[in-house]
Amino acid sequence: MIPAAFEYYRPKDMEGVLAVLTEHGDDARVLAGGHSLIPMMKLRMAEVPHLIDLQEVAGLGGISVSDGTVRLGAMVTQSDIISDAVLADAAPIMREASLQIADPQVRYMGTVGGNVANGDPGNDMPGLMQCLDAVFSLVGPDGERDVAAREFYESAYMTAREDDEVLTAVSFKVPEGGYAYQKQKRKIGDYATAAAAVQIVKEGGTCARASIAMTNLSDTPVYSEAAGAALVGTTVSDSDIDAAVQAMLGDIDPAEDNRGPVEFKRHAAAVILRRAIARAWSRA
């Protein structure tokens with residue numbers, strides 16, 4: 001449980017971060033809250049000769065809601081999300097999801113940027129960001145670029161972020177309609193066995209738009225376009241929800257692990273999504 005030796009850097013600005021990344025390439029990694037990277041280093045599952053702490057880098061914090069857009073700096077913590085009243089009013093699904101992440105100790109240190117950037121399919125924020133159609137801002141030696149959350153994840157721990165890039169912010173349009181983040185886990189602090197993020201817009205008693213994403217049911221978060229489409233134009237009856245669930249089940253690919261066999265995970269996913277849709281519809 002002791003990591004291999006490493007050089008530690010604590011730059012004050014992004015220029016300093018990029019300088020270390022450029023110099024050391026694959027041997028350098030950035031550290032945000034540390035709840036994903038540090039355990040892997042302690043278990044020797046990741047060896048990082050050069051560790052760059054982002055805690056003092058200016059410009060990576062802050063939550064803003066302006067002109068219909070929500071922006072979260074990469075170093076915003078889950079606790080920051082929970083306590084921000086403006087964000088809770090604009091995008092209440094963010095607070096609902098953050099309250100289900102681990103425990104207060106983790107939430108005080110765990111960051112949005114760290115949660116979405118490392119490509120862990122068990123993390124809660126990647127699927128939620130796909131549901132919200134978020135955009136990730138990245139900065140590297142060649143400048144800045146934006147990548148859609150729905151295009152960011154390639155496989156487990158593999159993303160569209162280059163080794164010399166840093167994720168600096170997450171942004172999305174203020175969501176409309178009803179919402180729900182539903183999660184099933186074995187115990188507090190564990191990854192989800194299955195989780196669902198749902199946003200639904202109701203017009204005239206029918207579903208006008210629906211966005212659905214699932215967590216920890218494949219080697220990437222799963223944005224289920226088919227599940228959302230199954231609800232559009234319906235009154236979201238039990239049979240309509242069943243159709244959406246069946247569509248979702250066609251998109252996931254869970255693997256057996258210590259949270260259960262494949263069929264149990266598929267069952268859990270179906271139950272969780274039914275609950276999330278019903279809850280989001282009731283709030284719409």
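If you're wondering where the values come from, they're calculated on a predicted model, not measured in any experiment.

Novice: Would you mind going over the pattern of salt bridges with me for this structure?
Specialist: As a working rule, side chains carrying opposite charge can pair if their charged atoms are close by. In total, this model carries 14 salt bridges according to the counting rule given. A salt bridge links Lys12 to Glu56; the shortest N-O distance between them is 2.2 Å. Here Lys12 is found in the loop between β1 (7–9) and α1 (14–24), whereas its partner Glu56 is found in the loop between β3 (50–53) and β4 (63–66), with 44 residues between them in sequence. Overall, Lys12 belongs to the exposed group, its relative accessible area being 55%. Glu96 serves as the salt-bridge partner of Arg283, at 2.9 Å between the closest nitrogen and oxygen.

Novice: Would you take a moment to explain the sheet that holds strand β2 (residues 28–31) for this structure?
Specialist: In a beta sheet, neighbouring strands pair by backbone hydrogen bonds and run either parallel or antiparallel. With parallel pairing, the three strands of this open sheet are ordered in space as β1-β3-β2. Since the sheet does not close on itself, it has two edges, and those belong to β1 and β2, each with one partner. Direction aside, neighbouring strands of the sheet carry axes that sit 25° apart on average. Where β1 meets β3, three bridges bridge the pair, whose relative direction is parallel. The residue bridging Tyr9 from the neighbouring strand is Ile52, located in β3. Those strands touched by α1 are β1, β2 and β3, and its axis lies near 155° from that of β2.

Novice: I tried to follow the layout of surface pockets on my own but got confused; where do I start?
Specialist: Once rolled over the atoms, a probe with the size of a water molecule shows which space is left empty. Here the second largest pocket defines a volume of roughly 460 Å³. If you go around the second largest pocket, you meet 19 residues; those closest to its centre are Cys131, Leu132, Asp133, Lys173 and Pro175. Those elements that place two or more of their residues in the lining of the second largest pocket are β10 (166–173), β12 (192–203) and β13 (206–215). Counted by class, the lining of the second largest pocket contains ten nonpolar, four polar and five charged residues.

Novice: I would appreciate a short explanation of the packing of helix α11 (residues 238–249) against helix α12 (residues 262–283) in the present structure.
Specialist: To characterise two packed helices, one gives the angle between the axes of the helices and the distance between these axes. The N-to-C vectors of α11 and α12 enclose an angle of 140°; their axes lie 10 Å apart at closest approach. Relative to α12, the element α11 lies oblique. Between α11 and α12 lies a crossing whose hand is right-handed. Mapping the contact onto sequence places Ile241, Asp242, Ala244, Val245, Met248 and Leu249 in α11 and Arg266, Ala269, Ala270, Leu273, Arg274, Ile277 and Ala278 in α12. Residue classes in the contact of α11 with α12 are distributed as ten nonpolar, no polar and three charged.

Novice: What is the right way to look at the packing of aromatic side chains in this model?
Specialist: For any pair of aromatic rings, the description consists of the separation of the ring centres together with the inter-plane angle of the planes. As enumerated under the stated definition, the model contains three aromatic pairs in all. Here the aromatic rings of Phe136 and Tyr153 are separated by 6.3 Å at their centres, their planes lie at 85°, and the arrangement is edge-to-face. One end of the pair, Phe136, is in strand β6 (residues 135–140); the other, Tyr153, is in strand β8 (residues 153–155), with 17 residues separating them in the sequence. We classify Tyr153 as buried; its relative accessible area is 11%. Between Phe152 and Tyr153 the ring centres are 5.0 Å apart and the planes differ by 85°, which places this aromatic pair in the edge-to-face class. Among the residues examined, Phe152 registers a relative accessible area of 0% and is labelled buried. Site record: aromatic cluster; members linked through ring pairs are Phe136, Phe152 and Tyr153. Between the NZ or CZ atom of Arg150 and the centre of the ring of Tyr223, over which it lies, the distance is 3.7 Å. The aromatic ring of Trp281 is capped on one face by Lys202, whose charged end is 4.4 Å from the ring centroid.

Rules behind the numbers
- Residues numbered from 1 in each chain as written.
- Predicted model: local features only at pLDDT ≥ 70, side-chain atom pairs only at ≥ 80, totals over all residues.
- Heavy atoms only, no water.
- Salt bridge = Lys/Arg side-chain N within 4 Å of Asp/Glu carboxyl O.
- Helix = DSSP H or I, 4+ residues; strand = E, 2+ residues; numbered from the N terminus.
- Buried < 20%, exposed > 50% of the residue type's maximum accessible area, 1.4 Å probe, protein only.
- Pairing = 2+ DSSP bridges.
- Axes fitted to C-alpha atoms, helices over the stretch in contact; angles between N-to-C directions.
- Contact = heavy atoms within 4.5 Å.
- 1 Å grid on protein atoms, 1.4 Å probe; cavity = no way out; pocket = protein on both sides within 12 Å on 5 of 7 lines; lining within 4 Å.
- Points joined across faces, edges and corners; volume = space filled by probe spheres on them.
- Nonpolar A, V, L, I, M, F, W, Y, C, P; charged D, E, K, R; others polar.
- Parallel < 35°, antiparallel > 145°, perpendicular 65-115°, else oblique.
- Left-handed = near helix turned anticlockwise from the far one by under 90°.
- Phe/Tyr/Trp six-rings, centres within 6.5 Å; stacked < 30°, edge-to-face > 60°.
- Lys NZ or Arg CZ within 6 Å of the ring centre and 35° of its normal.

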